[in-house]
Amino acid sequence: MTVTASHDQTASAAGAAVEAAYRARTPHSRALHERAVRSLPGGSTRAGTFYLPYPAYMARGAGCRLTDADDNEYVDCLNNYTSLIHGHAHPQLLATLAEHAARGTAHGAPVEAEIALAEAIVRRVAAVEQLRFTNSGTEAVMGAIRAARAATGRSKVLKMEGAYHGSYDAAEVSVDPGPNPPSWPTGRPDGVGLSPGLGGEVLVAPFNDLATTAALIDRHRADLAAVIVEPVMAAAGVIPGSREFLSGLRAATTAAGVLLIFDEVVTFRLAAGGAQQHYGVTPDLTTFGKIIGGGLPIGAFGGSAAVMRTFDVRRPGAVSLSGTFNGHLAAMAMGLAALELLTASEIARINALGDRLRDGLQRSADDAGLPALITGMGSLGHIHAGHQSSLPITSYRTAIGTSRALAPLVHLGLLNHGVFAAPRGMFSVSTAMTESDVDAVVAAFAEVAQLVAPVMEAQAS
Ligand code: PMP
């Protein structure tokens, strides 16, 4: 008993020291949080930006650096959850914003900039002949699923366990079902406020397990409109799909007459033509978001003209999908400018920086004796702190074996050392970063790993 108590004390003493250091650095953020809880539930308007004891409030960003309300500076490895591929306040993007904002913010009419951005995406992505813009990735996923239902006349959707596709109800199933998930293909709506009926509409399959997933597609083909998958599952822990899995999904969906949707809201950054180009797999529909708005809110979904004609407003019975801010002038213009800056050589450069970052983080964890696996691809990565299995992380269930309890400690530790990443461990590289920024992040993580390793040892014994 005494031994257990002293181990617990090690863990809680380390946690308390990290939290105390964080509180000492961030009194203005704390005051803002205390003000926020009066008008925003829990002080938050976005689940992804909240963490305990209270989030650092950011005052400004420039390049790959953020400065908080207490003037602490951070290397930004989160980039608004991967959407700011050029970092903060890029001069060319700011000039584009100023130029377009001066023309008025929204005209209630189509603008030329929406054609230009659509053309730029169509040029880059072989599978996209036509697309529709939305204001978020969530709405893009909703539109793609609606397109698939309209094109097939069927209603069910199959998604991967652990995959996050935004907050459209039909996507909020088995995103994080915990250590005792239901058996495939049964899904579990993620939390209260969602209809329990969703479980019947949305089927769930294991990522990277082709035999199981292909069998489910075949068995449910009569009701299945679409399979939606991220080529690299981002929020689930930046877990790459295998080539065999993604091309097998293509074959299985084609054989069953089911549409294949690639959610590239996060992964579009990985190659000029998106992750689908990297993998050589052509989906029927693709969803976009984040980087295609150049920093402003956006989403889009598209595919072949044959599928997208269901949205042709000139046709009687076309699928109706509107949105007050769809095709927003400044977002269209910023998105186009951001894509023009994102040349193939810039993509190659940040992918190489991502490799350097993941290697450095893994080495730091290993040197500190901290069990951890750094996953990812190109400019995307995730720190699975506490991962002790010798097996790779290939799916939700293999990722959840990780001691998630460590993630908040690693996150606060990184904040104390001037690194801003996602509370769950995701990070991304922007074109604003250089090798020396990456090396500074690795050095900060090395210190955090030294601090956290004894906690892990105490928990394990
Ligand atoms: N799809 C994926 C893969 C995402 O990661 C996200 C958001 N992180 C979305 C869709 C939803 O995008 P948004 O937050 O713009 O609604």
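Residues numbered from 1 in each chain as written. Predicted model: local features only at pLDDT ≥ 70, side-chain atom pairs only at ≥ 80, totals over all residues. Heavy atoms only, no water.

Undergrad: What am I meant to see in the site of the ligand here?
TA: Looking at the ligand, the residues that line it are Ser 136, Gly 137, Thr 138, Tyr 164, His 165, Gly 166, Glu 230, Asp 263, Val 265, Val 266 and Lys 290. Measuring from an oxygen atom of the ligand, one finds a backbone N or O atom of Gly 137 at 2.8 Å. Separating a nitrogen atom of the ligand from a side-chain N or O atom of Lys 290 is a distance of 2.8 Å. With the chains in place, 82% of the 390 Å² that the ligand exposes on its own is no longer accessible. For the shell around the ligand, a count of residues per class yields three nonpolar, five polar and three charged. (Near = heavy atom within 4 Å. Polar contact = N/O pair within 3.5 Å; in protein donor to acceptor, adjacent residues only side chain to side chain. Areas by Shrake-Rupley, 256 points an atom, 1.4 Å probe, with all protein chains shown as cover. Nonpolar A, V, L, I, M, F, W, Y, C, P; charged D, E, K, R; others polar.)

Undergrad: I would appreciate a short explanation of the nonpolar core in the present structure.
TA: Considering soluble globular proteins, one finds that nonpolar side chains tend to be buried as a cluster. Counting 106 residues, the largest nonpolar core has Phe 133, Met 160 and Leu 370 as its most contacted members. Top contributing element to this core by residue count: helix α16 (residues 435-460), with eleven residues. Both domains that furnish three or more residues to this core are identified here as domain 1 (2-85 + 343-460) and domain 2 (91-341). Those residues in contact with Leu 370 that sit more than four places away from it in its chain are Ala 365, Leu 406, Phe 445, Ala 449, Val 452, Ala 453 and Met 456. (Core = buried A, V, L, I, M, F, W, Y, C linked by side-chain atoms within 4.5 Å. Buried < 20%, exposed > 50% of the residue type's maximum accessible area, 1.4 Å probe, protein only. Helix = DSSP H or I, 4+ residues; strand = E, 2+ residues; numbered from the N terminus. Domains from an automatic or database assignment. Contact = heavy atoms within 4.5 Å.)

Undergrad: What is the right way to look at the domain arrangement of the protein in this model?
TA: Size of an interface, as often reported, equals the accessible area lost when the parts are brought together. Partitioning the protein into structural domains gives domain 1 (2-85 + 343-460) and domain 2 (91-341). Here domain 1 and domain 2 have C-alpha centroids that lie 27 Å from each other. With 31 residues of domain 1 at the interface, the matching set in domain 2 holds 34 residues. Buried area between domain 1 and domain 2, both sides added, is near 2600 Å², and the carbon and sulfur share of it is 61%. On the domain 1 side of the interface with domain 2, the three residues burying the most area are Met 377, Tyr 396 and Arg 397, jointly 29% of the side's total. Counting across the interface, domain 1 meets domain 2 through two salt bridges. Where Arg 404 meets Asp 176, a salt bridge forms, and the shortest distance between an N and an O atom there is 3.0 Å. Taken together, the connections running from domain 1 to domain 2 amount to 17 residue pairs in polar contact (both at pLDDT 80 or more). Every element with two or more residues in the side of domain 1 that touches domain 2 is listed here: α3 (79-82), α13 (344-368), β13 (372-377), β14 (380-385), α14 (396-400) and β16 (426-428). The class makeup of the residues in the side of domain 1 that touches domain 2 is 13 nonpolar, 14 polar and four charged. (Buried area = accessible area lost by both parts, 1.4 Å probe. Salt bridge = Lys/Arg side-chain N within 4 Å of Asp/Glu carboxyl O.)

Undergrad: Looking at this structure, I do not really get the sheet that holds β13. What am I missing?
TA: Each strand in a sheet pairs with another by means of backbone hydrogen bonds, the pair being arranged parallel or else antiparallel. Spatially, three strands are ordered β13-β14-β16 in an open sheet, and the strand pairing comes out antiparallel. In this open sheet, the two edge strands, each paired with only one partner strand, are β13 and β16. Strand after strand, the sheet turns through a mean of 20 degrees between neighbouring axes, direction not considered. In this sheet, β14 lies alongside β13 in antiparallel orientation, the contact comprising six bridges. Pairing of Met 377 across the sheet is with Leu 380, part of β14. Contacts from α13 reach β13, β14 and β16 within the one sheet, and its direction differs from that of β13 by about 175 degrees. (Pairing = 2+ DSSP bridges. Axes fitted to C-alpha atoms, helices over the stretch in contact; angles between N-to-C directions.)

Undergrad: Whenever I open this one, the pairing of strand β4 (residues 130-134) confuses me. Can you help?
TA: On a regular strand, one side chain projects to one face of the sheet and the next to the other, so that they alternate. Among the five residues of β4, four are classified as buried, and the element is accordingly described as predominantly covered. By the bridge criterion, five bridges tie β4 to strand β12 (residues 299-303) in an arrangement that is antiparallel. Within the sheet, the bridge partner assigned to Arg 132 lies in β12 and is Phe 301.

Undergrad: I keep staring at the packing of helix α4 (residues 91-101) against helix α12 (residues 329-341) and nothing clicks. Help me out?
TA: Axes are the key here: two packed helices are described by the angle between their axes and the distance separating the axes. Between α4 and α12, whose axes approach to 9 Å, the crossing angle comes to 155 degrees. Considering the angle they form, α4 stands roughly antiparallel to α12. Helix-helix and strand crossings are classified by hand; for α4 and α12 the assignment is right-handed. When α4 is examined against α12, the residues Gln 92, Leu 93, Thr 96, Leu 97 and His 100 are found in contact with a partner set consisting of Leu 329, Ala 330, Ala 333, Met 334, Ala 337, Ala 338 and Leu 341. (Parallel < 35°, antiparallel > 145°, perpendicular 65-115°, else oblique. Left-handed = near helix turned anticlockwise from the far one by under 90°.)

Undergrad: Honestly, the environment of Ala 126 in this entry has me stumped. Any pointers?
TA: Mapped onto the fold, Ala 126 is located in the loop between α5 (112-124) and β4. For the pair Ala 126 and Gly 273, spaced 147 residues apart in the sequence, the C-alpha separation amounts to 7.2 Å.

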